[in-house]
Amino acid sequence: MHDKKDESLIVLIEEFLTARATRKPSPHTLAAYRRDLHAVAALVAEDDTTPLPLDALSITDLSPRVLRAAFARFAAPRAPASVHRAWSTWNSFFTFLVADQVVAGNPMPAVGRPRALLPQPKPLRGADTPEVLLASVARDDGRQRDPWPERDVAVVAVALCAGLRLSELLALRVGSLAGRPGERRIEVAGKGGRPRVVPIETDLDRVVADYLDSRRRRFGSRSVRPDSALLVDRHGEPLRRGGLQYLVESCYRRAGIGDRVPRGARLHALRHTFATRLAEDGASAAEIMRLLGHASLASSQTYIEVTAGQQRDAIRASRTNRALAALAPTGGVLAGDGGGLARG
């Protein structure tokens, strides 16, 4: 066994995070790993029977019994998804320690975890909401200090018509748009380092071209070199996470659709709208999986299932079905002739 088993748990956690960093996760993902590892470790350290300073904990203090107790306390105030994520983080941590020969085995299978539920899609509400949003941001707004409708339309249109995540939008370069006319595509640096290609149609290509032309007029031709960020702020600097979120929020406000945006899915609602409309228009789960860059088919299947539910709701609400419901209590054809419909 490796002599690291006597090192501080906090030191081993940092070694694990350093190893994970080579996979190029987002800073937010690394922060979530650190938060989950430290939160459970702190609960182990605070155990009433043998309280210890957090930096005095060693890996040998983490028996299955101790971890079960700590996770029970961790789970009490948290949602199942948060507990499941923390369990997965600790499982990865111990897998790393086993591979590094710090511990002989992984105790996490002995620690219970809630079943992971796939998150439900949260598209924009309202059949015409995407069209209302695009029409609104395409107009000059006199209330803005420096309106730039070409840029705003490009941001919303790429999110709505290509289904990109926030991190993927920020990673786009001018040269990410490639291909001959009629075969244009966006080359996306996807989640987990998985690249994918999303075809784009002529109208979206034109919207992006109009935006880049407006950018040349504002900042000069050097601003649209292939290696330049595709999305920039009003000073020509690459948009960052907070700036992109604020921009999309402002587009919602200008369009007056704030009440149609699901809570907790502000920019992501555009990606969900893209996928939901694909499903409504007949795309298969496999096609949605490829276009959205999902790691598993199950994630893509949720859009099909939601769409099927919406279709059933629409059928249930139809006037014809309401007419049938009105017949049932009258004792007419449906109730009183002994199956007359079947004989027809």
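This section reports on the structure supplied with the text.

Each value, and the rule that gives it
- Residues numbered from 1 in each chain as written.
- Predicted model: local features only at pLDDT ≥ 70, side-chain atom pairs only at ≥ 80, totals over all residues.
- Heavy atoms only, no water.
- Axes fitted to C-alpha atoms, helices over the stretch in contact; angles between N-to-C directions.
- Helix = DSSP H or I, 4+ residues; strand = E, 2+ residues; numbered from the N terminus.
- Parallel < 35°, antiparallel > 145°, perpendicular 65-115°, else oblique.
- Contact = heavy atoms within 4.5 Å.
- Nonpolar A, V, L, I, M, F, W, Y, C, P; charged D, E, K, R; others polar.
- Pairing = 2+ DSSP bridges.
- Expected span 1.5 Å × (residues − 1).
- Buried < 20%, exposed > 50% of the residue type's maximum accessible area, 1.4 Å probe, protein only.
- Arc of directions from axis to C-beta.
- Core = buried A, V, L, I, M, F, W, Y, C linked by side-chain atoms within 4.5 Å.
- Salt bridge = Lys/Arg side-chain N within 4 Å of Asp/Glu carboxyl O.
- 1 Å grid on protein atoms, 1.4 Å probe; cavity = no way out; pocket = protein on both sides within 12 Å on 5 of 7 lines; lining within 4 Å.
- Points joined across faces, edges and corners; volume = space filled by probe spheres on them.

## Some thoughts on the packing of helix 6 (residues 149-162) against helix 9 (residues 241-255)
At their nearest, the axes of helix 6 and helix 9 sit 11 Å apart, and the two run at 100 degrees to each other. The orientation of helix 6 with respect to helix 9, classified from their angle, is roughly perpendicular. On the side of helix 6, the interface is formed by Arg-151, Asp-152, Val-155 and Val-156, while helix 9 contributes Leu-244, Leu-247, Val-248, Cys-251 and Arg-254. Among the residues forming the contact of helix 6 with helix 9, the class breakdown is 6 nonpolar, no polar and 3 charged.

## What to know about the sheet that holds strand 1 (residues 177-178)
Judged by pairing direction, the sheet is antiparallel, and its 3 strands sit side by side in the order 1-2-3 without closing on themselves. Whereas interior strands pair on both sides, the edge strands pair on one side only; in this sheet they are strand 1 and strand 3 (195-199).

## Concerning helix 1 (residues 9-21)
Helix length check: helix 1, at 13 residues, gives a terminal C-alpha distance of 18 Å against a target of 18 Å (1.5 Å per residue), a fit within 8%. Of all the residues in helix 1, the buried ones are Leu-9, Ile-10, Leu-12, Ile-13, Phe-16, Leu-17 and Arg-20. Angularly, the buried residues of helix 1 cover 160 degrees about the axis, an arc narrow enough to put them on a single face. On its buried face, helix 1 sits against helix 2 (27-45) and helix 4 (80-99).

## Some remarks on the nonpolar core
The biggest cluster of nonpolar side chains holds 45 residues, and the ones touching the most others in it are Leu-133, Val-158, Leu-169, Leu-230 and Tyr-252. Elements with a minimum of two residues in this core: helix 5 (129-137), helix 6, helix 7 (166-171), strand 2 (185-189), helix 8 (202-219), helix 9 and helix 10 (268-280). With 9 residues, helix 6 is the single largest residue contributor to this core. Excluding residues that lie within four positions of it along the chain, Leu-230 makes contacts with Leu-172, Arg-173, Val-174, Leu-177, Val-208, Tyr-211, Leu-212 and Arg-215. Residues Leu-43, Val-44, Leu-62 and Val-103 belong to the second largest nonpolar core, which totals 32 residues.

## A short note on the environment of Leu-231
In this structure, Leu-231 sits in the loop between helix 8 and helix 9. We classify Leu-231 as buried; its relative accessible area is 6%. Separated by 60 residues in the primary sequence, Leu-231 and Ala-171 have C-alpha atoms spaced 8.9 Å apart.

## Describing the pattern of salt bridges
Inspection of every chain in the model, using the stated rule, returns 16 salt bridges. The closest approach of N and O atoms between Asp-128 and Arg-260, which form a salt bridge, is 3.3 Å. Of this pair, Asp-128 sits in the loop between helix 4 and helix 5 while Arg-260 sits in the loop between helix 9 and helix 10, and the two are 132 residues apart along the sequence. A residue is classified by how much of its surface remains accessible, and Asp-128, at 41% relative accessible area, is partly exposed. Put simply, Arg-218 and Asp-146 hold a salt bridge, and the shortest N to O gap is 3.2 Å. Within this pair, whereas Arg-218 is found in helix 8, its partner Asp-146 is found in the loop between helix 5 and helix 6, the two being separated by 72 residues in sequence.

## Section: the layout of surface pockets
Here the second largest pocket is characterised by a volume of approximately 550 Å³. Along the wall of the second largest pocket there are 21 residues; nearest its centre are Ala-157, Leu-160, Cys-161, Leu-204 and Phe-274. Each residue belonging to the lining of the second largest pocket can be placed in one class, and the counts come to 14 nonpolar, 1 polar and 6 charged.

## A few points about unusual backbone geometry
Of note in this structure, Gln-101 is not a glycine but carries a positive phi near 60 degrees. Note that Gln-101 resides in the loop between helix 4 and helix 5.

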